[in-house]
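Here is how the chains run, residue by residue.
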Amino acid sequence: MIYLLTPLGKGTSDMNDNLTILELSKCIWALDDLARQSGLRIATGDNFDEYVRITSRLPGKPPTTPHFRPDCSALSPGKAFWILGRDREGSIAHVQAMRLDDISHTSLAEHLRSLKGCFDDPDLKAGPTSSCSCSAPTADTLKGLVAYHGDVWLREDFRGRDLTSFVGRLALGLAWAKWSPDLIYALVAGWNIEKGVVDRYGYQHREYGSILRLPALGISHDDWLVWLTRDELLKTLSGTFALRTR
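Residues numbered from 1 in each chain as written. Predicted model: local features only at pLDDT ≥ 70, side-chain atom pairs only at ≥ 80, totals over all residues. Heavy atoms only, no water.

Quick word on the overall build of the protein chain
Quick note on the threshold: Think of it this way: any DSSP run of H or I at least four residues long counts as a helix, any run of E at least two long counts as a strand, and we number them from the N terminus. With a 1.4 Å probe rolled over the protein chains alone, any residue whose accessible area is under 20% of its type maximum counts as buried; one over 50% counts as exposed, and the rest are partly exposed. A contact between two residues is defined here by any heavy atoms of the two lying within 4.5 Å. Per-residue accessibility takes into account occlusion by the displayed protein chains alone, with areas from the Shrake-Rupley method and a 1.4 Å probe.
Across its full length, the protein chain holds eight helices and ten strands. Buried residues in the protein chain amount to 52% of all 246 residues. Expressed as a percentage of contacts within the protein chain between residues at least 6 apart in sequence, the contacts between residues at least 24 apart total 78%. Accessible surface, the protein chain: about 11,800 Å² in total, of which carbon and sulfur atoms supply 51%.

Below you can see the structure in the form of structure tokens.
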């Protein structure tokens, strides 16, 4: 089977924007197969105690942020998942994670400022000097069921192979299959913008900035907010692959 990778956000001539379950299943299967061909065996799960045990032992990976730490956040089954990629020897070479939050009655900007994206009880767990500011203009208008995409890490020897193009889309496809969210967003350092990483993942919008300070955890991040809407996610997935056999 041949997988023809098409530009993000652009549909193919034989696939419409109404992505069916069958088409989505083919897309996810093809992405998993591409990862395997590139030397990564993909696994997923929702036990974040296990995830933190694994990620804390990965040389060169920054500590997992509170968004995906069960001692900080309520990560109930069905509301969060992780992805691991192992090399042919079984060692972990890639991780990323997603979580779902319902912010129908507030905005993404306020969600970030309140630290509820990091802690299920900010007053109890965040610490008195913790803070988050959000100056991204559009963040005040974004709301609904939102999926946060983060803790992305790829081992150095796997970089430079364009793996981000399909491991990122795999996370987006799984999020669509599980939740059909109104929005998927991430908070990324500026180099991800400069090097085109967020474009390869499929994010359509970017605005600076979100400034997170968690002194007790040694976290000091100045980030860009990147996101894509539900319709943009659907178009991205619809245009990901033309599947043909011969």
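So much for the structure itself; the text now carries on.
Quick word on the nonpolar core
Side chains of a nonpolar character, in soluble globular proteins, are inclined to be buried together. Rules: What makes a nonpolar core is a set of buried Ala, Val, Leu, Ile, Met, Phe, Trp, Tyr and Cys residues whose side-chain atoms join them at distances within 4.5 Å.
By size, the foremost hydrophobic cluster in this structure holds 40 residues, and its most contacted members are Met98, Leu172, Ile184 and Tyr203. Sorting elements by how many residues they give to this core places helix H5 (residues 163–179) first, with ten residues. Filtering out sequence-adjacent residues up to four positions away, Leu172 remains in contact with Met98, Ile184, Tyr201, Tyr203, Leu228, Leu233 and Leu237. By size, the runner-up hydrophobic cluster in this structure holds 37 residues, among which are Leu75, Cys118, Phe119 and Cys134.

Observations concerning the confidence of the model for the protein chain
Keep in mind that low pLDDT regions are not for reading the predicted coordinates in detail. Where we set the bar: On a scale of 0 to 100, pLDDT captures the predictor's confidence in every residue.
For the protein chain, per-residue confidence averages 88 on the pLDDT scale, and residues scoring 70 or more make up 89% of the total. Low confidence marks residues 1–16, where pLDDT is under 50. Its contacts with residues over four positions away, or in another chain, come to 47 contacts. pLDDT under 50 marks residues 242–246. Its contacts with residues more than four places away, or in other chains, come to 16 contacts.

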